[in-house]
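What follows is each chain in one-letter form.
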Amino acid sequence: MDQTGRRQADLKDPRRRDDLAAARATLKKNSMMLLTTSKAFVRHPELAAAKSNRDFVYKEVCDAVTTISGIAQATGPSDAHPFEGAGELAAALDEFDQKVIMDPLQYDERRTRPSLEERLESIISGAALMADSSCTREERQEKIVRECNAVRQALQDLLSEYMNNAGRKEPSESLDQAIEHMCKKTRDLRRQLRKAVVDHVSDSFLETNVPLLVLIEAAKAGNQAEVEEYAQVFTEHANKLVEVANLACSMSNNEEGVKFVRMAASQIENLCPQVINAARILAARPRSKVAQENMDVFKEAWERQVRILTEAVDDITTIDDFLAVSESHILEDVNKCVMALQEGDADTLDRTAGAIRGRSARVCNVVISEMDNYEPGDYTERVMDAVNVLKDQVMPYFAEKVEMAVDALSQNPQLEVDENEFIEASRLVYDGVRDIRRAVLMIRDPQDLDIDSEYDEEETISQSETQTKSIASLAGSSYNNSTAYEEDFIQGKTTRQWMQELPEEEKMKIQEQIDVFKVEKEKLEQEIAKWDDSSNDIITLAKQMCMIMMEMTDFTRGRGPLKTTMHVINAAKKISEAGTQLDSVASQIADQCPDSVANEDLKAYLQRIKLYCHQLNITSKVKADVQNIGGELIVSGLDSATSLIMAAKNLMNAVVLAVKASYVASTKFKRHGLKSPLVTWRMKAPEKKPLVRLENPNEVRAKVRKGARNKDIEPVKALSEFDSF
């Protein structure tokens with residue numbers, strides 16, 4: 001193994017290097033399995049399953065040795081691996097997007113139209129197969145069908161525009177619009193297909209060890225009939241994992257990731273019947289120690305391979321899609337839980353609550369793995385805080401309420417359950433998952449997000465109100481906080497949504513105020529970015545206030561996580577609390593400062609912070625004024641929005657000055673009789689930068705820009721230029 005490892009490091013061909021690594025992993029993985037299967041076959045030669053186990057492992061080892069030998073002696077270029085290449089459906093969509101953009105002079109009605117229509121129908125056939133899959137939800141099927149029809153219509157409109165522009169040197173504006181519309185519709189279809197894939201992943205890669213554990217328990221009991229019955233369930237489970245993995249591959253452009261998923265799925269496919277054979281051996285000889293050891297080895301191998309497949313599938317699906325779909329699925333399960341509670345169905349309640357716990361654990365694991373790709377900082381800390389709240393606080397509380405409810409419903413007669421407490425625990429789970437998703441999306445550029453998606457920021461916000469109210473309505477509108485949402489609805493929309501419908505003139509004026517606010521925000525960011533906040537409460541509180549103020553100003557533009565006036569008011573309260581803490585720490589710094597001028601300056605800035613925090617509390621009651629004039633809804637909200645922004649800007653400026661004054665008061669004057677300062681002002685270490693810029697997978701198909709045209713220079717003319725010298 002050491003020699004093959006050194007040989008692997010020396011190989012220049014990436015295919016052979018990967019094949020050698022896979023062969024080495026196979027040898028390492030099957031070494032223990034070869035021992036246990038051989039012992040089981042020697043001890044129980046009369047069992048066909050024992051021979052099948054031994055033969056499978058022996059063949060795996062022989063194939064791995066043959067592969068290593070072949071690679072060691074190979075010369076010349078390597079052959080393409082059968083698992084190489086991007087997903088078929090993703091590649092077809094990419095190629096279609098390229099083909100629909102052409103020079104109008106090159107358009108040929110008899111040749112181009114049939115070619116593009118044939119390509120599109122091939123894509124739609126693949127989309128139909130995904131829509132017809134068993135795990136695809138009915139709502140998702142309808143959306144896929146709708147997008148397929150929209151793409152068809154967009155193509156026909158585009159081809160008509162190409163016909164109208166035939167013979168023109170410059171394309172018309174309507175043609176450019178048709179091309180843009182065509183690309184938008186293919187993006188929408190691609191998005192729905194991705195979400196369909198994530199639907200499958202979210203449902204199938206959940207409690208993946210349950211079919212295996214049930215099979216092993218039946219084998220330990222020596223019940224061969226049950227083993228055969230559960231073997232069928234286990235086989236269907238394995239086939240489903242492989243099917244979903246292949247679906248994920250079909251919609252991914254990550255060629256390396258797709259290859260890895262296909263290889264892992266192939267291993268699952270090969271290992272499944274041998275796990276069943278190991279269970280059959282144990283069922284036939286339940287008291288055999290050798291059979292038990294063999295079963296344990298195959299159980300460990302299966303769990304390891306499923307874990308590898310799960311991680312590989314997670315790598316080729318975006319975390320944004322996964323979190324959006326998981327949030328929706330958890331909401332469905334929460335509503336099912338509440339319905340089961342009201343109907344007194346303990347089994348459904350227990351089973352659905354188990355699915356919620358499994359989905360929540362998956363969300364936490366996926367997000368934790370994603371954060372490993374980032375340098376530690378404010379972003380990762382905020383995300384991990386949201387994960388820890390869900391994992392360590394919300395889920396134990398939810399599990400406790402579920403256990404109490406199941407126990408009460410299992411009694412005869414059934415005991416009474418406090419529905420309000422159960423609904424509150426369920427709501428906290430949903431809110432916890434939503435908070436994680438928002439924290440993950442915090443650093444995303446809005447232009448990089450799928451804003452047309454049903455899970456986009458706008459629709460998620462509107463869904464969250466209706467979803468929270470739907471959970472409450474299941475308990476007879478007994479949910480206490482539902483009134484907070486009802487009060488903020490105008491004509492069925494939240495204040496945040498009405499802020500998006502402000503007249504353009506008011507939007508421009510608000511944007512002007514936002515631009516002024518951003519100047520102050522940049523000043524604060526520059527000031528606090530210099531300092532390490534690990535032992536400096538001043539910097540920590542300033543960052544917290546800056547982040548909340550950004551969310552409040554985003555609200556005035558109809559963006560960000562805050563969606564109702566109540567949320568803005570609560571955010572203002574948080575700023576006031578942070579301002580009070582900042583005042584407490586900074587006041588102690590001022591009291592310890594021996595210089596009277598610095599002392600007075602710092603206290604003056606703290607008085608400003610108190611004033612502007614109070615002002616922010618007043619202006620946080622942002623309301624969109626909606627009037628019905630002549631049958632039309634006229635929206636206005638300029639005064640309240642600009643007042644909020646101005647208050648936030650003034651507070652931001654006061655915080656900047658307070659941070660600078662705190663630094664001066666802490667470090668620039670000698671203090672006698674004090675052991676250590678209240679806060680430590682330590683410069684922040686620069687962030688680590690990669691030595692080599694990693695290639696962005698989204699830039700693989702970069703835009704091709706028109707290069708400078710090469711000039712044809714005649715040799716005689718070029719030589720004649722030298723005559724003047």
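Residues numbered from 1 in each chain as written. Predicted model: local features only at pLDDT ≥ 70, side-chain atom pairs only at ≥ 80, totals over all residues. Heavy atoms only, no water.

## Comments concerning the overall build of the chain
The helix and strand tally for the chain stands at 24 helices and 4 strands. Per-residue burial over the chain gives 45% buried out of 725 residues. The long-range fraction of contacts in the chain, counting pairs at least 24 apart against all pairs at least 6 apart in sequence, stands at 78%. Total accessible area on the chain is roughly 38,200 Å²; 50% of this is exposed by carbon and sulfur atoms. (Helix = DSSP H or I, 4+ residues; strand = E, 2+ residues; numbered from the N terminus. Buried < 20%, exposed > 50% of the residue type's maximum accessible area, 1.4 Å probe, protein only. Contact = heavy atoms within 4.5 Å. Areas by Shrake-Rupley, 256 points an atom, 1.4 Å probe, with all protein chains shown as cover.)

## A word on the pattern of salt bridges
With the rule as written, the count across this model stands at 35 salt bridges. Between glutamate 46 and arginine 285 there is a salt bridge, and its shortest N-O distance comes to 2.6 Å. With glutamate 46 in the loop between α2 (14–43) and α3 (48–73) and arginine 285 in the loop between α10 (255–284) and α11 (289–316), this residue pair connects regions lying 239 residues apart in the sequence. Judged by relative accessible area, glutamate 46 falls into the partly exposed class, the value being 49%. A relative accessible area of 29% places arginine 285 in the partly exposed class. Each of Arg137, Asp203, Glu332, Asp333 and Arg359 takes part in salt bridges that share partners, so that together they form one network. (Salt bridge = Lys/Arg side-chain N within 4 Å of Asp/Glu carboxyl O.)

## Quick word on the packing of aromatic side chains
Within the structure shown, the criterion is met by 4 aromatic pairs. Ring geometry for tyrosine 107 versus tyrosine 162: centroids 5.5 Å apart, planes at 15°, classification stacked. Linking tyrosine 107 in the loop between α4 (88–99) and α5 (109–131) with tyrosine 162 in helix α6 (residues 138–164), this pair joins segments that are 55 residues apart in sequence. A residue is classified by how much of its surface remains accessible, and tyrosine 162, at 0% relative accessible area, is buried. Taking 4.7 Å as the distance between ring centres and 50° as the angle between the ring planes, the aromatic pair formed by phenylalanine 234 and tryptophan 302 counts as tilted. Here tryptophan 302 lies in helix α11 and phenylalanine 234 lies in helix α9 (residues 224–250), a separation of 68 residues in the sequence. (Phe/Tyr/Trp six-rings, centres within 6.5 Å; stacked < 30°, edge-to-face > 60°.)

## Re empty space enclosed by the protein
Under the defined criterion, the tally for this structure stands at 4 cavities of 30 Å³ or more. Size it by volume and the largest cavity reaches roughly 70 Å³. Taken together, Lys29, Asn30, Met33, Phe56, Glu60, Gln267, Asn270, Leu271, Ala301 and Gln305 form the lining of the largest cavity. For the lining of the largest cavity, the secondary structure elements donating two or more residues are α2, α3, α10 and α11. Looking at side-chain class alone, the lining of the largest cavity contains 4 nonpolar, 4 polar and 2 charged residues. (1 Å grid on protein atoms, 1.4 Å probe; cavity = no way out; pocket = protein on both sides within 12 Å on 5 of 7 lines; lining within 4 Å. Points joined across faces, edges and corners; volume = space filled by probe spheres on them. Nonpolar A, V, L, I, M, F, W, Y, C, P; charged D, E, K, R; others polar.)

## Examining α4
Over its 12 residues, α4 extends 16 Å from the first C-alpha to the last, a length consistent with the 16 Å expected when each residue adds 1.5 Å. Those residues of α4 not exposed but buried are Leu89, Ala90, Leu93, Asp94, Phe96 and Asp97. All buried residues of α4 lie within an arc of 160° about the axis, which places them on one face of the element. Buried-residue contacts for α4 involve α5, α6, α7 (173–204) and α9. (Expected span 1.5 Å × (residues − 1). Arc of directions from axis to C-beta.)

## Focus: the confidence of the model for the chain
For the chain, per-residue confidence averages 79 on the pLDDT scale, and 79% of positions sit at 70 or higher. Overall, residues 451–492 carries pLDDT values under 50, and its contacts beyond four positions in sequence, including any with other chains, amount to 92 contacts. (pLDDT = per-residue confidence, 0-100.)

## Brief notes about the environment of isoleucine 123
Mapped onto the fold, isoleucine 123 is located in helix α5. Exposure remark for isoleucine 123: the relative accessible area of 2% places this residue in the buried category. In contact with isoleucine 123, not counting residues within four places along its chain, are Leu89, Ala92, Leu93, Phe96 and Leu189.

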